[in-house]
Amino acid sequence: MTHYDIDSIRADFPILKTKVNGHPLVYLDNGATTQKPQSVINAITDYYTQINSNVHRGVHHLSQLATDAYEVTRKKISEFINAAHDYEVILTSGTTHSINLVANSYGKQFVREGDEIVISAMEHHSNIVPWQMICEDRGAKLRVIPINDEGELDMEAYAAMLNERVKLVSITYVSNTLGTLNPIKEVIKQAHDQDIPVLIDGAQAIQHLDVDVQALDVDFFAFSGHKMYGPTGVGVLYGKEKWLDRMPPYQGGGDMIKEVRFEKTIYNELPFKFEAGTPNIEAGICLGTAIDYIKTTGINQIALYETELLKYATKALSEIDQIRFIGTAKEKSSVISFLVNGAHPYDVGVILDKLGVAVRTGHHCTQPLMERFDIPGTVRASIAMYNTKEDIDLLVNAVKKAASMLL
Ligand code: PMP
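Residues numbered from 1 in each chain as written. Predicted model: local features only at pLDDT ≥ 70, side-chain atom pairs only at ≥ 80, totals over all residues. Heavy atoms only, no water.

Caption draft 1: Local environment of the site of the ligand. Around the ligand, the neighbouring residues are Thr-95, Thr-96, His-124, Ser-126, Thr-172, Asn-176, Asp-201, Ala-203, Gln-204, Ser-224, His-226 and Lys-227. In this structure, Gln-204 approaches the ligand through a side-chain N or O atom, which is 2.7 Å from an oxygen atom. Contacts to the ligand include Ser-224, whose side-chain N or O atom sits 2.7 Å from an oxygen atom. Protein coverage of the free-state accessible area of the ligand, which is 400 Å², stands at 86%. Of the residues contributing to the shell around the ligand, the split by class is one nonpolar, nine polar and two charged. (Near = heavy atom within 4 Å. Polar contact = N/O pair within 3.5 Å; in protein donor to acceptor, adjacent residues only side chain to side chain. Areas by Shrake-Rupley, 256 points an atom, 1.4 Å probe, with all protein chains shown as cover. Nonpolar A, V, L, I, M, F, W, Y, C, P; charged D, E, K, R; others polar.)

Caption draft 2: Region of the structure containing unusual backbone geometry. Look at the link from Leu-270 to Pro-271: it is a cis peptide, with omega at 0 degrees. Take Pro-271: it is sitting in the loop between β12 (265–267) and α10 (281–297). One non-glycine residue, Asp-217, lies in positive phi territory at about 60 degrees. With respect to the element layout, Asp-217 can be found in the loop between α8 (213–216) and β9 (220–224). One non-glycine residue, His-364, lies in the positive phi region at around 55 degrees. As for its placement among the helices and strands, His-364 is situated in the loop between β16 (360–362) and α13 (367–373). Since its relative accessible area comes to 1%, His-364 is described here as buried. (Helix = DSSP H or I, 4+ residues; strand = E, 2+ residues; numbered from the N terminus. Buried < 20%, exposed > 50% of the residue type's maximum accessible area, 1.4 Å probe, protein only.)

Caption draft 3: Expanded view of the packing of aromatic side chains. Per the counting criterion, the structure on display carries 12 aromatic pairs. Through a chain of ring-to-ring contacts, the aromatic side chains of Phe-13, Tyr-229, Tyr-293 and Tyr-386 assemble into a single cluster. Sitting over the ring of Phe-373, Arg-372 keeps its end group 5.1 Å from the ring centre. (Phe/Tyr/Trp six-rings, centres within 6.5 Å; stacked < 30°, edge-to-face > 60°. Lys NZ or Arg CZ within 6 Å of the ring centre and 35° of its normal.)

See below:
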């Protein structure tokens, strides 16, 4: 691995200098949202001080600047995920919006009574509830791929579930609760063997792994800007042209139309057909800045660094007697969930916070997964490109202290 300049990376994130309860901040809640580099923060100010205007509408100077900057982001995203066409990149408000878009639009067009949608036992509520809603609406059935005790997909059960009634498979690339890195290439291949399209929830993957939608041959890929060092309120739905073309608009309004008459409206072309109303322009533009930021280090370098850190953290935490890991898959990325035996995760989280360590506690929007493991929740440490071994050491010391206080 070439030199990974962690000091200069950390210096780019002003919030990391914060003190919490008199302790240096150890931010390990990156699965919930990542911190923002100065370049992204500056880009937000620059947008409002220099080019604020609505997009795709005005002929005036500022509107053209804003539109150009917004469309440059689409291009950057398209290159970042290696889409075949920029118009296959739909800008949404985040992963949740992206999945709801597919559930509603694809669902209305292609899902009929008696059909099935396949998800997995480790999905985030965002990749469960939209499918439940559309299944209820269409009279279709939601089927769930089981997982083993390590938190890995049961691929045999998956293969057995695929048949002509299945209209879509929708699973996560990386589990936000277990850290499991799913074999999505195999998942996609098996579905495609039976002409079933696949949506991948990339919310916990895009900031950690090199994603190439063409190499994956994925039909839909969803992610959020705020988990990849960009602003909140913007996200992406990548969709293959062949599907997006055949899907009806999800929402009606400005921008998604070519011509409106009371008798009949003609919809706009891709990607605008799926982008009704004024978008979050500032967030969209600054997501482009976040992608530039990731590219200065390189996603492959980040992946190598984070994998090493994950190994270090897993080993260090495993030396604590009372620890029980939830999610011990062979292939993992960026997330460690655990319990301190005998202590409620919330109590552990509160003590960690007193020591400056920010983790997430609870069900992590995966309640069915908590039921599968018969636990109320976990303590989750999730890492990002700016975390260090020192952060992990401070986490481990804080967990030891919590264990000594609570048990
Ligand atoms: N899927 C996964 C795997 C997630 O981790 C999250 C966020 N925790 C979401 C979907 C939803 O993302 P957002 O809230 O940004 O729409």
